[in-house]
Amino acid sequence: MKAIGYGRVSTSKQAAIGTSLDEQENICRQMAQADGNTEFLWLVDSGLSGKDSANRPEYQKLIEFIKHGNCKVYAYSMSRLGRNLRNLMDLWDICDKYDVSLRTYSDQVDTSGPMGKFIRITLAAVWQLQREMIGEDTRDKLQSR
């Protein structure tokens, strides 16, 4: 089975201060190895928002790999895959259709079982709320200037 890791940072500042792409890759590789997957492909969208999956070329490649099946997807967190509830639900629908599971590190989601499928929906709503609050905060700061 092929292991596909996906990493994303929205800004260069996030790459320097937050969980860097190198860190994300190392963690995804370790998870894949722990699951017994030796073939690993790393896909990265750097400097792109998780708001819209259509604007992320490596994410689109990830979807194509999922559609071929026989893989497992790894990410540092679900929020790296996206911050839009509809996009995440579309991703999960595709994964379910092609029998591909997702595993994340920081939020400990593994969609290969029923509890992981339940938790992913709850967390996606939280991530979307977080993204909207960040957007609102950014707008407020810009208006105050």
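The structure contained in this document is the topic of the report that follows. Since the structure is predicted, the reported quantities are computational estimates derived from the model, not experimental observations.

1. Comments concerning the packing of aromatic side chains
The final tally for this structure, using the stated rule, is three aromatic pairs. The interplanar angle of 40 degrees and the centroid separation of 5.5 Å between the aromatic rings of Y76 and Y105 together place this pair among those described as tilted. Residue Y76 is located in the loop between β3 (71–75) and α4 (78–81), and its partner Y105 is located in the loop between β4 (101–104) and α6 (114–144); the two are separated by 29 residues in the primary sequence. We note R56 situated over the ring of Y59; from NZ or CZ to the ring centre the distance is 4.4 Å.

2. Notes on the packing of helix α5 (residues 85–97) against α6
Running from N to C, α5 and α6 cross one another at 160 degrees; their axes reach a closest spacing of 9 Å. Viewed along their axes, α5 and α6 adopt a mutual orientation that is roughly antiparallel. Crossing of α5 over α6 shows right-handed handedness. Mapping the contact onto sequence places L85, R86, L88, W92 and D96 in α5 and K117, R120, I121, A124, A125, W127 and Q128 in α6.

3. A closer look at the nonpolar core
With 22 residues, the main nonpolar core has L62, I66, L81, L91 and L102 as its most contacted residues. Of all the secondary-structure elements, those providing two or more residues to this core are β1 (2–9), α3 (57–67), β3, α4, α5 and α6. In terms of residue count, α5 provides more of this core than any other element does, five residues in total. Once residues lying within four places of it in the same chain are set aside, the contact partners of L81 are Y6, R56, Y59, L62, V73, A75, L88, L91 and L102.

Definitions and limits used
Residues numbered from 1 in each chain as written. Predicted model: local features only at pLDDT ≥ 70, side-chain atom pairs only at ≥ 80, totals over all residues. Heavy atoms only, no water. Phe/Tyr/Trp six-rings, centres within 6.5 Å; stacked < 30°, edge-to-face > 60°. Helix = DSSP H or I, 4+ residues; strand = E, 2+ residues; numbered from the N terminus. Lys NZ or Arg CZ within 6 Å of the ring centre and 35° of its normal. Axes fitted to C-alpha atoms, helices over the stretch in contact; angles between N-to-C directions. Parallel < 35°, antiparallel > 145°, perpendicular 65-115°, else oblique. Left-handed = near helix turned anticlockwise from the far one by under 90°. Contact = heavy atoms within 4.5 Å. Core = buried A, V, L, I, M, F, W, Y, C linked by side-chain atoms within 4.5 Å. Buried < 20%, exposed > 50% of the residue type's maximum accessible area, 1.4 Å probe, protein only.

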